[in-house]
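# Tertiary structure, described
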Amino acid sequence: MSHDHEHEHDDEIIVLTDEEGNEHEFSIVQVITVDGKDYAILLPIEDGEEAEEAVIMRIDEEDGEDVLVEIESEEEFDRVADAWEEMLDDEEFEEESEK
């Protein structure tokens, strides 16, 4: 899957096309940087609702344009997933301590 996009992510909706040519809508939840690379955290939109399970894609630059690329390395995916989970845990902690 690939998609050109800008870096403004206020629940931006993007459409990605899979290998069979099927289009899927995603909401960009967050862009995080891990080991010097940017990754988009996407939530699939099914029947107008965001799904629970996020999709993580690396943001690469091709011909001066940002494109989303599937992460093929399990090790790379795990590092980004761990960083995302840690970020969520930190946000929950901050929300709890504000109460």
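- Per an unreviewed UniProt entry, the chain carries the name UPF0473 protein CWE10_10910 and comes from Symbiobacterium thermophilum.
- Note on the chain: under the UniProt heading Sequence similarities (unreviewed entry), the record states "Belongs to the UPF0473 family."

## A few points about the confidence of the model for the chain
- Of all residues in the chain, 86% attain a pLDDT of 70 or more, and the chain-wide mean is 84.
- Counted against residues more than four places away or in other chains, residues 1-9, with its pLDDT under 50, gives 33 contacts.

## Considering the pattern of salt bridges
- Applying the stated rule across the entire model yields four salt bridges.
- Close ionic contact of Arg79 with Asp35 constitutes a salt bridge, the shortest N to O distance being 2.8 Å. Here Arg79 is found in helix H1 (residues 74-98), whereas its partner Asp35 is found in the loop between strand S2 (23-34) and strand S3 (37-46), with 44 residues between them in sequence.
- Its relative accessible area of 59% is what places Asp35 among the exposed residues.
- For Arg79, the salt bridge goes to Glu75, with nearest N and O atoms at 3.5 Å.

## Remarks on a negative patch on the surface
- Residues Glu74, Asp78, Asp82, Glu85, Glu86, Asp89, Asp90, Glu91, Glu92, Glu94, Glu95 and Glu98 make up a contiguous surface patch of negative charge.
- Position of Glu85 relative to the elements: it lies in helix H1.

Definitions and limits used
Residues numbered from 1 in each chain as written. Predicted model: local features only at pLDDT ≥ 70, side-chain atom pairs only at ≥ 80, totals over all residues. Heavy atoms only, no water. UniProt positions renumbered as here; feature names shortened; annotations may be inferred. pLDDT = per-residue confidence, 0-100. Contact = heavy atoms within 4.5 Å. Salt bridge = Lys/Arg side-chain N within 4 Å of Asp/Glu carboxyl O. Helix = DSSP H or I, 4+ residues; strand = E, 2+ residues; numbered from the N terminus. Buried < 20%, exposed > 50% of the residue type's maximum accessible area, 1.4 Å probe, protein only. Patch = residues over 30% accessible without salt bridge, like charges linked within 9 Å, V, L, I, M, F, W, Y side chains within 5 Å. Areas by Shrake-Rupley, 256 points an atom, 1.4 Å probe, with all protein chains shown as cover. Lys, Arg positive; Asp, Glu negative; His and termini not counted. Charge placed at Lys NZ, Arg CZ, Asp CG, Glu CD.

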